[in-house]
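# What the coordinates show
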Protein chains: 2
Amino acid sequence: MLRYAKSVFNVCSQDIRDVMSAADRAHMISFTGGMPDKRLLPVDEIDAIYCKLGREVKQRGLQYGPTGGYPALVESVRCYLQAKGLPVEHHRLLITTGSMQAIYLIAKIFLDPGDRVILEHPTFMGAIAAFKSFQAALIDVATDEQGMEPEGLARAAAQPPLSKFAYVIPNFHNPWPYSMARKEALLDILHQRKLVLLEDDPYNELYFEEAEQNRITPMIAMNNTGLPICYTGSFSKVLGPGMRVGWLLGPEEIVRHAEAVKQSIDACTPMFTQMRANEFLISPRFETYLAGIRLAYKQRGQTMLAALDRYMPKAVRYNRPTGGFYIWLFLPEGVDAASVLHRAMPRGVEFVVGKSFDPQGVKNDFLRLAFCHTAEENIEPGIRVLAEVIEECYD
Amino acid sequence: MLRYAKSVFNVCSQDIRDVMSAADRAHMISFTGGMPDKRLLPVDEIDAIYCKLGREVKQRGLQYGPTGGYPALVESVRCYLQAKGLPVEHHRLLITTGSMQAIYLIAKIFLDPGDRVILEHPTFMGAIAAFKSFQAALIDVATDEQGMEPEGLARAAAQPPLSKFAYVIPNFHNPWPYSMARKEALLDILHQRKLVLLEDDPYNELYFEEAEQNRITPMIAMNNTGLPICYTGSFSKVLGPGMRVGWLLGPEEIVRHAEAVKQSIDACTPMFTQMRANEFLISPRFETYLAGIRLAYKQRGQTMLAALDRYMPKAVRYNRPTGGFYIWLFLPEGVDAASVLHRAMPRGVEFVVGKSFDPQGVKNDFLRLAFCHTAEENIEPGIRVLAEVIEECYD
């Protein structure tokens, strides 16, 4: 019956589904999806917020809201971003159903079939799926320890036909957060090429040390060139992805279009979740809570690092995270992440293979370990198994 | 900067935004949007449900869920639809972020630019916007007191190039619910032409009399031809649109694709709202609550009808609703709904003009009055003003 459907239809989504449901397979030691540990989620804080809401507010929570977002939340997020130095005055803010929706909206506005998008490698698999669903051509640029490589970006940006936009996640998704100097270099190239930037920053709050804040300034806050930048963030990695509350900050014209498109996608983001996000964001508990989860994730990251240092063969390289949820493993030559996974799963350990993060879906000599949702006592045993398996693969 | 954006980009969304925010303009008597009365929303029931949820469930409510839906809700909706006689065994069910998302997903799967879609006239403006956002060509078919006209459908379905699908709302949106005989006739034509049907049924629970249930059998439940039918419904008109919980029931192949696309749109529908919808759906309060709102909306419909019978000039025709939220006014020749609105708004009354519901956005000799969210004591005064205004327009 799908002969009636689109001539071309391509989504690389099975990977995501696998990741999402992985944490439910309780017998596995899972290093897969980027979901927060449920034990760290702010259930008590949310309870307290719910109980304090008046009847009138609860009624509004069950009603349609403005497509642009629950007005109080729009205002709170605006202040929150302003306090981080983001240029909210010259930009428009839209509340989205997770930052996934913000990425999708930009894709929907910009991409005709065959249009090019520049992405870093590795990147977020959800973004790959969103761009591919519009039949975009994905141009990937390698990253090094400073971020996306400027020469690669310059080459990709010069390639005709010109790309519609570039998509980056400068902080804590990819192995290394972008350095300030690199961000400036990239902004220069983008500006020269008049290329729109989509900056995705869902892990911004999850730095392990206060000093790290100096490095993670969003590119939209460094931009004085007039380059159009769309910035997206989310409460998912902080308050919980089940909330599905994110935002898009960008030039008036782009965000106005995004809002119009959102009307025919879900009309508005659920009101109740927006209300709870708002109450939490403006409460004094927010900072205390953040401090707590930063410490918890830092400890898990350190536990995983210690286990890697102890067990992993020397030929395996990995980053030492300064924030976020992930450690990336670069495998010895000739070892494929799929064959590692194939051997690891029967022994009760799972992770996401590198090619899921490759815009071309090919390169597989690396893999991603999430330490965010794994019980701390399982991290070392999981890494030990993984080290054994990798050793077997290249023996 | 939008020179980078899509070559063609067309949404007719301002209308919807106006409708959504209308109820906030407290000084107006508003007959605009199809939102339930906030005073009728089940705040106490939702409170009771929230307080009974265990800590473990609340944790899950803050976590990512499966893209297909919260498993308990998927099961409850399946049983709920099965009890209504829907063929759930041979179909796949997907929970969506409102039924708006279900409609959007079908559009996203099926529509390449220039593809045709058949719609009834009048129709849901959100669906018009969704289809237009994929640059579809909209073919409209008139409706009469039995539903979509079979001759019109046969003509539209025969027109090459063949349409991708037909979209209908058989119950309580348009002036008259489809008759059983008409639904059978339409199914025959669709089957002959092998045309996919998208059946949108958000008002199914809102019949005013028990006997009406015999008439509102969904077409998917009457289909024994193998014709592919996608059926969408929602908790929006019942438990509250702020929940954003709807569903799509359809052939395995189509819904599997829709689920894959949903992953890159919002990953999953917010878990907490799904949990609350589930608990409410399976609770004994659900039926009692439904009985209460059916009665309340029936009373408002009757109040509006009585006012129309009393004040409206004889040249104005209107339907006598047997369910749902709306009465449609067909204006005397030469009277345009825009000029009526233009005169009515300064006198504190608003409604939605006919052309918002016309797939071509032109025909404007009719208008829609929603009686669902207007305080009962405001209905008669609002209709009196409207009658005066219409009389002035064709004097």
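The preceding data block contains the structure.
The notes below deal with the structure included here. (Residues numbered from 1 in each chain as written. Chains lettered and ligands numbered in written order. Predicted model: local features only at pLDDT ≥ 70, side-chain atom pairs only at ≥ 80, totals over all residues. Heavy atoms only, no water.)

### Focus on the sheet that holds strand β4 (residues 137–144) of chain B
Residue and element names in this part refer to chain B. Strand order in the open sheet formed by eight strands is β2-β9-β8-β7-β6-β3-β4-β5, and the pairing between neighbours is mixed. Each edge of the open sheet carries a strand with a single partner, namely β2 (92–96) and β5 (147–148). Note: strand β3 (residues 116–121) against β4, six bridges, orientation parallel. Note that in β4 the partner of I118 across the bridge is I139. (Pairing = 2+ DSSP bridges. Helix = DSSP H or I, 4+ residues; strand = E, 2+ residues; numbered from the N terminus.)

### What about the packing of aromatic side chains?
The full count for this structure, using the stated rule, is 40 aromatic pairs over all chains. With a centroid separation of 4.9 Å and an interplanar angle of 75°, the aromatic rings of W328 of chain B and F357 of chain B are classed as edge-to-face. Highlighted residues: W328 of chain B in strand β11 (residues 326–330) and F357 of chain B in the loop between β13 (352–353) and β14 (366–370), separated in sequence by 29 residues. The same class applies to W328 of chain B and to F357 of chain B, which are both buried. Aromatic ring contacts, followed pair by pair, group Y80, F235, W247, F280, F286 and Y289 of chain A into a single cluster. Here K108 of chain A stacks its cationic end above the ring of F134 of chain B, 3.3 Å away from the centre of that ring. Here the guanidinium or amino end of R317 of chain A rests over the ring plane of F330 of chain A, the centre of that ring lying 5.0 Å away. (Phe/Tyr/Trp six-rings, centres within 6.5 Å; stacked < 30°, edge-to-face > 60°. Buried < 20%, exposed > 50% of the residue type's maximum accessible area, 1.4 Å probe, protein only. Lys NZ or Arg CZ within 6 Å of the ring centre and 35° of its normal.)

### Topic: the packing of helix α7 (residues 150–158) of chain A against helix α8 (residues 180–193) of chain A
Residues and elements named next belong to chain A. Contact geometry of α7 with α8 gives a least axis separation of 10 Å together with a crossing angle of 10°. It follows from the interaxial angle that α7 and α8 lie roughly parallel. As for the relative orientation of α7 and α8, their crossing is right-handed in sense. Contacts from P150, L153, A154, A157 and A158 in α7 reach R182, L186, I189, L190 and R193 in α8. Among the residues forming the contact of α7 with α8, the class breakdown is eight nonpolar, no polar and two charged. (Axes fitted to C-alpha atoms, helices over the stretch in contact; angles between N-to-C directions. Parallel < 35°, antiparallel > 145°, perpendicular 65-115°, else oblique. Left-handed = near helix turned anticlockwise from the far one by under 90°. Contact = heavy atoms within 4.5 Å. Nonpolar A, V, L, I, M, F, W, Y, C, P; charged D, E, K, R; others polar.)

### Some details on the sheet that holds β11 of chain B
Residues and elements named next belong to chain B. Taken together, four strands build an open sheet; the order of strands is β10-β11-β14-β13 and the sheet is antiparallel. On the outer flanks of this sheet lie β10 (317–318) and β13, each paired with one strand and no other. With two bridges connecting them, β13 and β14 associate as antiparallel partners. Looking at β14, one finds that V353 is bridged to L367.

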